[in-house]
Amino acid sequence: INLPLRMSRRAVVRLLIALTLMFSLASVAAVVAQPAQAAVGDGCYTWSRVPLSSGMSGADVPQLQIRVAGWMAYGEVLSIDGSFGPKTEAAVRRFQAGYGLSVDGVAGPQTLGKIVELQKNDCSPAHFAWSEVDGGCGQGGFSGGALPPDQIKENLKRAMWKAEAMRHKLGDRPINASGFRSYSCNNSIPNADPNSQHLYGRALDLTATWGTVTGGLCDIARAARYAGYNGILGPGYQYHNDHVHVDSRSSRSWAAPTCGI
């Protein structure tokens, strides 16, 4: 009586092993059968891994994060750390919703294609330019500040992409920007902070030609709270009644009393 029972158990074990192996091979075949998605890019940057999704990491993830960092929840700042975590996924979802794309939190061909559509070959976003945010005071260039020129440009690129997001949220109404200042430029401006974020390329001064002066500026200041900026200084704050200053300092400092901030 025991022999058939032992044989039966062995048969069951063999069957389970066979089924497991069969399903494993089928899964591998399914993965292999999936066609690789084409790279997405332009003269600025090409994403060769498509899609990018939650849990991934690598040098291509920061390039995505820079371009969706302006699509944050109230008071949030996205770390450009190369790790596709929950905040990055949420930012991608908001970006997708903001541009009428399918919302899934995955940066596939449609989402990356939209990013490419929004950027120029010099990596500046569609509605802002390096010539707006360079040396200021008529000097031009990115030298003479608190960081090497390449780091200043990288910081400015991040600031401009946040401004691009904010502009779209405000109905694609035009926003004018100025950015980097050399030490000599900064020192020539009355009441300028001697350690201004402009010296690091982390700051933009924004103005609008639509609406009332205060109304347009307050719209910008309020929108900046959802665009990943830690620094927001605007109407009602000393020396900021004619523009809104936004920056990416390490901790939050918001002050625009006229706008309720």
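Located above this text is the structure these notes cover.
Basis of the calculations
- Residues numbered from 1 in each chain as written.
- Predicted model: local features only at pLDDT ≥ 70, side-chain atom pairs only at ≥ 80, totals over all residues.
- Heavy atoms only, no water.
- Salt bridge = Lys/Arg side-chain N within 4 Å of Asp/Glu carboxyl O.
- Buried < 20%, exposed > 50% of the residue type's maximum accessible area, 1.4 Å probe, protein only.
- Helix = DSSP H or I, 4+ residues; strand = E, 2+ residues; numbered from the N terminus.
- Expected span 1.5 Å × (residues − 1).
- Contact = heavy atoms within 4.5 Å.
- Lys, Arg positive; Asp, Glu negative; His and termini not counted.
- Polar contact = N/O pair within 3.5 Å; in protein donor to acceptor, adjacent residues only side chain to side chain.
- Core = buried A, V, L, I, M, F, W, Y, C linked by side-chain atoms within 4.5 Å.
- Pairing = 2+ DSSP bridges.
- Axes fitted to C-alpha atoms, helices over the stretch in contact; angles between N-to-C directions.

## Quick notes on the pattern of salt bridges
- Considering all chains together, one arrives at 10 salt bridges under this definition.
- Residue D172 is joined to R167 by a salt bridge in which the shortest nitrogen-to-oxygen separation is 3.6 Å.
- Accessibility expressed as a relative area gives 9% for R167, which makes it buried.
- Through salt bridges with shared partners, one network takes in E154, K157 and R158.

## Things to note about helix 3 (residues 86-98)
- With 13 residues, helix 3 extends 18 Å between its outermost C-alpha atoms, agreeing within 8% with the 18 Å of an ideal straight helix rising 1.5 Å per residue.
- In this structure, the buried residues of helix 3 make contact with helix 2 (60-68) and helix 4 (109-117).
- Phi for G100, located one or two positions after helix 3, is positive at around 70 degrees.

## Observations concerning the side chain of R67
- By the element assignment, R67 lies in helix 2.
- Although R67 lies buried, it forms no salt bridge, and the closest oppositely charged side chain, D42, sits 6.7 Å away as judged by the N-O distance.
- A polar atom in the side chain of R67 sits 2.7 Å from the backbone oxygen of Q63.
- There is a polar contact of 2.8 Å between the side chain of R67 and the side chain of Q119.
- Excluding anything up to four places from it in sequence, R67 contacts C44, Y45, W47, I115, Q119, C123 and W161.

## What to know about the environment of A203
- Within the fold, A203 resides in strand 4 (residues 203-207).
- The exposure class of A203 is buried, given its relative accessible area of 0%.
- Residues A203 and D247 lie 44 residues apart in sequence; the distance between their C-alpha atoms is 4.1 Å.
- Contact partners of A203, with chain neighbours within four places excluded, come to L156, S178, G179, Q197, H198, H245, V246 and D247.

## Here's the deal with unusual backbone geometry
- For the bond from V50 to P51, the omega torsion is 5 degrees, close enough to zero to count as cis.
- The topology assignment puts P51 in the loop between strand 2 (46-47) and helix 2.
- Positive phi outside glycine occurs at C137, with the angle close to 55 degrees.
- By secondary structure assignment, the location of C137 is in the loop between helix 5 (130-133) and helix 6 (149-169).
- A positive phi angle, near 70 degrees, is found at Y239, a position not held by glycine.
- Within the element layout of this structure, Y239 appears in the loop between strand 5 (231-233) and strand 6 (244-247).
- You can call Y239 partly exposed: its relative accessible area is 46%.

## Brief notes about the nonpolar core
- L156, M166, L204, L206, I220 and Y229 are the most contacted members of the largest nonpolar core, which has 32 residues in total.
- Discounting residues that sit within four places of it in the chain, L156 has contacts with W130, V133, F142, G179, F180, G201, A203 and L204.
- In terms of nonpolar packing, the next biggest core, distinct from the first, is built from 26 residues, A69, A91, L112 and A165 among them.

## Considering the sheet that holds strand 4
- On the basis of which strands lie adjacent, the open sheet formed by five strands has the order 3-4-6-5-7 and mixed pairing. Only two strands of the sheet have a single neighbouring strand rather than two, namely strand 3 (176-178) and strand 7 (253-255). Taken over all neighbouring pairs, the strand axes of this sheet differ in orientation by 20 degrees on average, direction set aside.
- Alignment of strand 4 against strand 6, held across four bridges, turns out to be antiparallel. Its bridge partner being in strand 6, D205 is matched across the sheet by H245.

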